[in-house]
Amino acid sequence: MTNYTFRTATIADISTIEKLALATWEPTYKPILSKEQIDYMFGVIYTPEALQKQMQEDQTFILLFQQEEPLGFASYSLINTNEQGYKLNKIYLLPACQGKGLGRLLLSHIEEEVRKLGGRVLDLNVNKYNKAKAFYETCGYHVHREEDIPIGPYWMNDYVMRKQL
């Protein structure tokens, strides 16, 4: 795992994030959401304007590379200053890179970044039917609560999973 690097993304990296999202979004959600919902949500979350706004609203995006090739990305932000709580907003790897330990590598990197910022808790949302829930459990996360989030005419039925850092 030594030939992988991480870099904090900037506005100049938005097209890279958008391309990675395009390659990962549908394969991730196709088994659990309708094509219409996938397309709608992608249009809300991953346009260049939406990504720029997320960055301006203090989401930190991290890119994972092998040499110069981007393989995935994640983003996190502070959500509760009292608890020093952070949220993992996104974590996606190219489908060909999944199941090789890179998700754990990227997640561990985010956890370390959050610890450096004084974070004591990291939350994430995962759709109740997403097979990634089992992955998060193996990484030390547990279901903290359930949450239903309206996104336009659709609903995301999620677990909020938490890990004490």
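Heads up: these notes are all about the structure in this document. The structure presented is a predicted model; accordingly, all values stated were derived computationally and were not measured. Residues take numbers from 1 onward in each chain, read along the sequence in its written order. Only residues with pLDDT of at least 70 get local features here, since the model is predicted, and only at 80 or more are side-chain atom pairs given and counted; chain-wide, interface and lining totals rely on the full set of residues. Water and hydrogen atoms play no part in the side-chain values, which are based on all heavy atoms of the structure.

**A look at the packing of aromatic side chains**
Side-chain rings of Phe, Tyr and Trp, where Trp is taken by its six-membered ring, are said to pair if the distance between their centres is within 6.5 Å; with planes under 30 degrees apart they count as stacked, over 60 as edge-to-face, and otherwise as tilted. Under the definition given, this model contains twelve aromatic pairs. Ring plane angle 65° and centroid distance 6.4 Å describe the contact between Tyr 29 and Tyr 92, whose orientation is recorded as edge-to-face. Taken together, the residues span a long stretch of sequence, with Tyr 29 in helix H1 (residues 14-29) and Tyr 92 in strand E4 (residues 85-93) at a distance of 63 residues. Each member of the pair, Tyr 29 together with Tyr 92, is buried. Strands here mean DSSP runs of E at least two residues long; helices mean DSSP runs of H or I at least four residues long; both are numbered from the N terminus. Partly exposed describes any residue whose relative accessible area lies between the buried limit of under 20% and the exposed limit of over 50%, with all areas from a 1.4 Å probe on protein chains only and scaled to the type maximum.

**Considering the side chain of Ser 75**
Looking at where Ser 75 falls in the secondary structure, it is placed in strand E3 (residues 69-80). Identification of polar contacts relies on pairs of N or O atoms within 3.5 Å, with a donor-acceptor requirement for protein atoms, meaning one able to donate a hydrogen and the other able to accept it, and with residues adjacent in sequence counted only if both atoms are side-chain atoms. Polar contacts involving the side chain of Ser 75 include one to the side chain of Gln 59, which spans 2.6 Å. Look past the residues within four positions of Ser 75 in its chain and what remains in contact with it is Gln 59, Thr 60, Phe 61, Lys 87, Leu 88, Asn 89 and Lys 90. Contact criterion: two residues are considered in contact whenever any of their non-hydrogen atoms come within 4.5 Å of each other.

**Considering the nonpolar core**
By convention a nonpolar core is built from buried Ala, Val, Leu, Ile, Met, Phe, Trp, Tyr and Cys residues, the set being connected through side-chain atoms within 4.5 Å. Ranked by internal contacts, the top residues of the largest apolar core, which has 47 residues, are Trp 25, Tyr 46 and Phe 73. Top contributing element to this core by residue count: H1, with six residues. Look past the residues within four positions of Tyr 46 in its chain and what remains in contact with it is Glu 18, Ala 21, Trp 25, Leu 51, Phe 73, Lys 90 and Tyr 92.

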